[in-house]
Structures are given as C-alpha cells and as structure tokens.
Amino acid sequence: MNQSPVETALSRAMIRWSLTKSTPVAETPRSWIFRVEQNGRNFAALKIIKAVAAAEEGRGSRLLQWYEGNGAATVFDTHNDTIFMEWLDGGTLGDPVRAGHDDEGTIAIATIVASLHRQRAAAPDNLEPLRDRFAALFASEARAWPHTARDLYARASGIALKLFDRPSAQIPLHGDLHHDNILSSDRGWLAIDPKGLFGDPAYETAPVFINPERGTAIAADPRRISARADILAQRLGYPRKRILGWACAHAALSASWDLAEGIAITNQLACLPHLLAAYDQA
C-alpha cells in the first residue's frame, strides 16, 4: 500500500531518530506537527514541512538551529524537510497579555530578542533580505485599500522607505516574533517558527505592536503602544522612533498580505492610526 508523503517522512524519522511513538498534534497550511517519544520517557516534536512552504520553513529551521536554544526552541537535528526539535507544551505569551499583563509580556519579549540577537558565529546562508520581505507593501496599490485608509497606506509606506534608506546594522532576524509565537517551557519563554530574515535589528519587535491574536483592544490602545515602545527601547537599546517606524511599516505590510488574500484588515486599521501618531510624537 502506497504511503502519503507525510507518512513516508514520519516513518523515516521514526527510524532515523529511534523514536518509539508518534501522536499527531496539528496540521497547518505549511506543515504537520507530531509529538514523539523515545522509549516512553523523552518527548520531542517532529515538524514535517509541506512542499509549498519548503523555502521559507527551511530558512526558519536553519535559523532556529543557529540560535542553539538561546531564546528559542532547541533543534536536535534536521533531515530533508523534517525537523526534530524540543517539545514545548506550555501556553503562549499571548495568554497572560490577554489577561492584562502586557508590561510583563513586553519585558519577556525584550529578553527573548536580546537572546536571539546575541553575537554568534557566521549567520546561516540564504536568509531573506528584509527589503524583499516588504515587496508586498511596495507593490500594493492605494486603491486596494479602503478609501478611508489610503492615507495610512501612503504614510506607512513612506516610513518604510525612509527606514530602508537609512543605514543600520544587518543581522539575522526571527521575522515573526509575536506573543503567540512564544511558548512557555521549563526553560522560560521560548520563540518558535522563525521566518529567517536578514536586516535591521529594530524590525524584530515590529510584529509585537499588532498582537497578540484576539488582543486588538490592547494593541490599539495608545497607552499600551507607548509603554511597549518604552520598554523595548530601554531594554534593547534600539531607537524608540525606529522601533515605532518599523511597527507602522509592519502593520501596513501585514494589511497588504491580508488584502491580497481577501482577508479583512480590521485589526491593522485599528492599530495603524495610533502607531502613526506615536511615531510622529517620538
């Protein structure tokens, strides 16, 4: 009987890493996730990447290995499109933030960013340049946006161009660091699912400002925006205005992605005016 691609990859992984049990956990548009066991004692995760996401997920897995477990989940080994990694079964950082502990959440994020951005050996090859990541924003047309939001698109795009035109350090970036991509563990909060980018370190915090999921009321609160920017700038040493500039640019980029998919941009439109106002005041 012929096996499906995921069954074949799972069978090979079970043999390759001497695994004794696998339990399906989730299937996403990009991968299959299994919890696996070794002799009923040690738990780990297998992430089998779908072909449609192989390039981006490959960059992310190489970056996750490069982090060596500092601020991120540990990758034990990889083979082809299968990642054998640390099992994290705690909740996401979004949970305490949605419960009203936003300052604590932002401090945790700053701690993770500091760990991810520590100096290491040569960066992985073939990371995606941050400028390329923004292609969807620069290719978007104002008329694709709701009529009342076209000025927001124009302003955020202009800020993005200004940021790219001003030289900055260029380092490996997680690229999608937000509350629900950070899981609790016995080693503390750890990041998962990096995109594998290369660019301005201040961009790393940008996704924070339109998150967590189901947390629009928090992310769109001007007081929370200001407090988040203060904490991140103070703890990381990145310029506050640059942090807020990237937050504006990323919110517009996120909206451009969703518009291209026919998805409503309610969350981004709730946050972007307040992000732009904070940027102007910084």
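None of the values given here were measured: they were computed from a predicted structure.

Participant: Please set out the packing of helix α7 (residues 150–165) against helix α11 (residues 266–281) residue by residue, giving values where relevant.
Facilitator: Between two packed helices, what matters for the description is the angle formed by their axes and the separation of those axes. The geometry of α7 relative to α11 is characterised by a closest axis approach of 11 Å and an angle of 50 degrees between their N-to-C directions. The orientation of α7 relative to α11 falls into the category oblique. Of the two elements, α7 crosses α11, and the hand of that crossing is left-handed. Taking contact as the criterion, the partners of Leu152, Arg155, Ala156, Ile159 and Lys162 in α7 are, on α11, Leu269, Leu272, Pro273, Leu276, Tyr279 and Asp280. Across the contact of α7 with α11, the residue classes break down as eight nonpolar, no polar and three charged.

Participant: Describe the environment of Lys162, and please don't skip the residues or the numbers.
Facilitator: Counting through the fold element by element, Lys162 comes out in helix α7. On a C-alpha basis, the gap between Lys162 and Gly245 in space is 9.2 Å, while along the polypeptide they are 83 residues apart.

Participant: Give a detailed account of helix α2 (residues 54–67), specifying residues and quantitative values.
Facilitator: Compared with an ideal rise of 1.5 Å per residue, which puts 14 residues at 20 Å, α2 spans 20 Å between its outermost C-alpha atoms and is within 8% of the ideal. Counting buried positions over the 14 residues of α2 gives 10, a clear majority of the element. Listed as buried for α2 are Glu56, Glu57, Gly58, Arg59, Gly60, Ser61, Leu63, Leu64, Trp66 and Tyr67. Immediately downstream of α2, the backbone of Glu68 shows phi near 55 degrees, a positive value.

Participant: Give me the lowdown on the sheet that holds strand β6 (residues 128–129), citing residues and values where you can.
Facilitator: The strand order across the open sheet built from three strands is β6-β10-β7, with neighbouring strands paired in mixed fashion. One side of each edge strand has no neighbouring strand; the edge strands of this open sheet are β6 and β7 (171–173). Sheet topology places β7 next to strand β10 (residues 197–199); three bridges connect them, and they run antiparallel. Opposite Pro172, over in β10, you have Phe198 as the bridge partner.

Participant: Which residues make up unusual backbone geometry, and what values go with them?
Facilitator: Look at the link from Asn211 to Pro212: it is a cis peptide, with omega at 10 degrees. Tracing the sequence through the fold places Pro212 in the loop between β10 and α8 (216–219). If you check the backbone angles, Arg214 has positive phi at about 60 degrees while not being a glycine.

Participant: Could you give an account of the pattern of salt bridges, naming the residues involved and the relevant values?
Facilitator: Summed over all chains, the structure comprises 20 salt bridges. Through salt bridges with shared partners, a single network forms among Arg30, Lys47, Glu56, Glu57, Arg59, Glu128, Arg133, Asp193 and Lys195.

Participant: Go over the environment of Gln268 with me, naming the residues and quoting the values.
Facilitator: Mapped onto the elements, Gln268 comes out in helix α11. Along the primary structure Gln268 and Pro24 are separated by 244 residues, whereas in three dimensions their C-alpha atoms are 33 Å apart. A distance of 2.9 Å separates a polar atom in the side chain of Gln268 from a polar atom in the side chain of Ser254.

Participant: For the environment of Ala110, give the residues involved together with the corresponding values.
Facilitator: One can find Ala110 in helix α4 (residues 102–116). A C-alpha to C-alpha distance of 6.6 Å links Ala110 and Leu236, two positions 126 residues apart in sequence. Look past the residues within four positions of Ala110 in its chain and what remains in contact with it is Leu232, Arg235 and Leu236.

Participant: Mind laying out the nonpolar core, listing which residues take part and the relevant values?
Facilitator: Counting residues in hydrophobic clusters, the biggest one holds 71 residues, and the most contacted among them are Phe134, Tyr203, Phe209, Trp246, Leu272 and Leu275. It is helix α10 (residues 240–260) that contributes the most residues to this core, 10 residues altogether. Residues in contact with Tyr203, not counting those within four places in the same chain, are Leu130, Phe134, Leu173, Gly175, Leu197, Trp246, His250 and Leu253. Core analysis: the next-biggest nonpolar cluster, separate from the first, contains 13 residues, Ala13, Trp17, Phe34 and Val36 among them.

Cut-offs used in this document
- Residues numbered from 1 in each chain as written.
- Predicted model: local features only at pLDDT ≥ 70, side-chain atom pairs only at ≥ 80, totals over all residues.
- Heavy atoms only, no water.
- Axes fitted to C-alpha atoms, helices over the stretch in contact; angles between N-to-C directions.
- Helix = DSSP H or I, 4+ residues; strand = E, 2+ residues; numbered from the N terminus.
- Parallel < 35°, antiparallel > 145°, perpendicular 65-115°, else oblique.
- Left-handed = near helix turned anticlockwise from the far one by under 90°.
- Contact = heavy atoms within 4.5 Å.
- Nonpolar A, V, L, I, M, F, W, Y, C, P; charged D, E, K, R; others polar.
- Expected span 1.5 Å × (residues − 1).
- Buried < 20%, exposed > 50% of the residue type's maximum accessible area, 1.4 Å probe, protein only.
- Pairing = 2+ DSSP bridges.
- Salt bridge = Lys/Arg side-chain N within 4 Å of Asp/Glu carboxyl O.
- Polar contact = N/O pair within 3.5 Å; in protein donor to acceptor, adjacent residues only side chain to side chain.
- Core = buried A, V, L, I, M, F, W, Y, C linked by side-chain atoms within 4.5 Å.

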